[in-house]
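# Working through the structure, step by step
Here is what each chain is made of, one letter per residue.
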Amino acid sequence: MKKVAIYGQSYSISAEKEIHALLNILEEKGCICFIEKKFYDTLKRKTSLEKEYDTFKDFDDLNSTFEVMFTIGGDGTILRAVTYIRNLNIPILGINTGRLGFLATIHKDAIQENIDLIFKGAYTIQERSLLSVKTTPVIEDFSELNFALNEVTIARKNTTSMIGIKTSINFEYLTNYWADGLIIATPTGSTAYSLSCGGPIMVPGAKDYVITPIAPHNLNVRPVVVPDDRTIRLKIEGRGREYLCSLDSRSVTIDSATELIIKRADFELNVIQTQNQNFLNTIRNKMMWGLDRRN
């Protein structure tokens, strides 16, 4: 590993100790580090960097010669980093300086240990599926960043009234969800917003996604797991004229004339999993999943 990218957000500056530790360890290993430009400028203003670093500003500045992207922050930082990596297949490793950390699994006190494991080859690559969104008529905001790692969410806007979301799978009518909104989640996103709304946990690598209603006004409505080779179509109606469509943390306003077409994206995100990390440990330890004091 000789050439790496480093990405963080402004709030990651509170992790100054971890940032310096990462840079020092990578340089000791002989790596050339490129830091995202806005993050680098913030580091220069608010911390003491011992040297100058090369930077990258967007997707066009990256290519397949980068062997790893390190993120410093939480899962939200990784969701933003995906917009830089896209289909370049650059593996990503998240150092968790946030809270829960399902994607950013490396504890901030274990940076040295985990980088050593990577250099020893003691890791695997997990392929995480993404969702892509197209609209009819075409919305320019979806022309480039039209993908989501966690979920695509439809929600009401500027109203307290429920909305109706007519949902079809491969042109077959499923139902009209009367709710505050609807979540289409990947296995990665199954432990995020969808879980909060009663959706199931799916293990990484599952070839499915889950449709989860937000506060449905019907006791019979439950989340539905759908094979990820199916196409989901959504049409919205309600008292309001505008609605929100969110792709992970990016939101766009749409209207009732818009049809959303959601399917599996044609690329995946490669996530580095070191030997001492696994998904089942994460949900037990960080979410107390299956905790029973009788055991």
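Computed from a predicted structure; not experimentally measured. (Residues numbered from 1 in each chain as written. Predicted model: local features only at pLDDT ≥ 70, side-chain atom pairs only at ≥ 80, totals over all residues. Heavy atoms only, no water.)

Along the chain, Asp180 falls in the loop between strand E11 (172–179) and strand E12 (181–185). Residues Asp180 and Ile236 lie 56 residues apart in sequence; the distance between their C-alpha atoms is 11 Å. The residues contacting Asp180, other than those within four sequence positions of it, are Ile154, Ala155, Arg156, Met162, Ile163, Ile214 and Ala215. Looking at Asp180, its side chain comes within polar contact range of the side chain of Arg156, at 3.1 Å. (Helix = DSSP H or I, 4+ residues; strand = E, 2+ residues; numbered from the N terminus. Contact = heavy atoms within 4.5 Å. Polar contact = N/O pair within 3.5 Å; in protein donor to acceptor, adjacent residues only side chain to side chain.)

Let us now look at helix H2 (residues 37–46). Listed as buried for H2 are Phe39, Tyr40, Thr42 and Leu43. Projected onto a plane normal to the axis of H2, the buried residues spread over an arc of 160 degrees and lie on a single side. Seen from the open side of H2, the exposed residues pointing more than 90 degrees away from its buried face are Lys38 and Arg45. Buried residues along H2 sit in contact with strand E1 (3–8), helix H1 (16–28), strand E2 (32–36) and strand E3 (54–56). For H2, the N-terminal capping position is held by Glu36, with its side-chain oxygen 3.3 Å away from the main-chain nitrogen of Lys38. (Buried < 20%, exposed > 50% of the residue type's maximum accessible area, 1.4 Å probe, protein only. Arc of directions from axis to C-beta.)

All right, on to the confidence of the model for the chain then. Per-chain confidence: the chain averages 91 in pLDDT, with 98% of residues scoring 70 or above. Here helix H6 (residues 279–287) stands out as the least confident element of the chain, with mean pLDDT 81; E12 is the most confident, with 98. (pLDDT = per-residue confidence, 0-100.)

This part takes up the layout of surface pockets. Of the pockets and cavities examined, the largest pocket occupies roughly 370 Å³. Forming the boundary of the largest pocket are 20 residues, of which Asp75, Gly76, Leu100, Gly101 and Phe102 lie nearest the centre. Breaking the lining of the largest pocket down by element, the ones donating at least two residues are helix H3 (75–85) and helix H5 (193–196). Here the lining of the largest pocket takes three residues from H3, the largest share from any one element. Considering only residue class, the lining of the largest pocket consists of eight nonpolar, 10 polar and two charged. Each pocket or cavity is described by its volume, and for the second largest pocket that value is around 210 Å³. Elements with a minimum of two residues in the lining of the second largest pocket: E1, H2 and H3. Residue classes in the lining of the second largest pocket are distributed as three nonpolar, four polar and five charged. (1 Å grid on protein atoms, 1.4 Å probe; cavity = no way out; pocket = protein on both sides within 12 Å on 5 of 7 lines; lining within 4 Å. Points joined across faces, edges and corners; volume = space filled by probe spheres on them. Nonpolar A, V, L, I, M, F, W, Y, C, P; charged D, E, K, R; others polar.)

This next bit is on the nonpolar core. A general trend in soluble globular proteins is that nonpolar side chains are found buried together. The biggest cluster of nonpolar side chains holds 27 residues, and the ones touching the most others in it are Phe142, Val152, Ile184, Ile254 and Leu260. Apart from residues lying up to four places away in sequence, Ile254 is in contact with Ile139, Phe142, Ile236, Arg241, Glu242, Tyr243, Cys245 and Leu260. With 26 residues, the next largest nonpolar core counts Val4, Leu22, Ile72 and Ile111 among its residues. (Core = buried A, V, L, I, M, F, W, Y, C linked by side-chain atoms within 4.5 Å.)

This paragraph deals with H1. End to end, H1 covers 18 Å across 13 residues, agreeing with the expected 18 Å (1.5 Å per residue, within 8%). Inspection of H1 places Glu18, Ile19, His20, Leu22, Leu23, Ile25 and Leu26 among the buried residues, and these make up the whole buried set. At its buried positions, H1 is contacted by E1, E2, H2, strand E4 (68–73), strand E5 (92–96) and helix H4 (111–119). Downstream of H1 by one or two residues, Gly30 has phi in the positive range, about 85 degrees. (Expected span 1.5 Å × (residues − 1).)

Applying the stated rule across the entire model yields 11 salt bridges. When the shortest N-O distance is used, the salt bridge between Arg264 and Asp228 registers 2.3 Å. In this pair, Arg264 is assigned in strand E18 (residues 259–274) and Asp228 in the loop between strand E14 (224–227) and strand E15 (232–238), connecting sequence segments 36 residues apart. On the basis of relative accessibility, which here comes to 22%, the residue Arg264 falls in the partly exposed class. Each member of the salt-bridge network shares a partner with another, and the members are Asp228, Arg264 and Glu268. (Salt bridge = Lys/Arg side-chain N within 4 Å of Asp/Glu carboxyl O.)

Turning our eyes to something else, we now look at the packing of H1 against H4. One can describe the packing of H1 onto H4 by two numbers: an axis separation of 10 Å at closest approach and a directional angle of 30 degrees. As judged from the angle between their axes, H1 and H4 are roughly parallel. Considering the relative orientation of H1 and H4, their crossing is right-handed. Residues Glu18, Leu22, Ile25 and Leu26 of H1 pack against Ile111, Gln112 and Ile115 of H4. Grouping the amino acids of the contact of H1 with H4 by side-chain chemistry returns five nonpolar, one polar and one charged. (Axes fitted to C-alpha atoms, helices over the stretch in contact; angles between N-to-C directions. Parallel < 35°, antiparallel > 145°, perpendicular 65-115°, else oblique. Left-handed = near helix turned anticlockwise from the far one by under 90°.)

If you walk through the whole model with that rule in mind, you get three cavities of 30 Å³ or more. Forming the walls of the largest cavity are Phe102, Leu103, Thr105, Gln126, Arg128, Val271, Gln273, Asn278, Phe279 and Thr282. Of all elements in the fold, only strand E7 (123–136), E18 and H6 reach the threshold of two or more residues within the lining of the largest cavity. Computed from the structure, the second largest cavity encloses a volume of approximately 40 Å³. What lines the second largest cavity is simply Phe102, Leu103, Arg128, Pro187, Thr188, Thr191 and Phe279. Here the residues of the lining of the second largest cavity are counted per class, giving four nonpolar, two polar and one charged.

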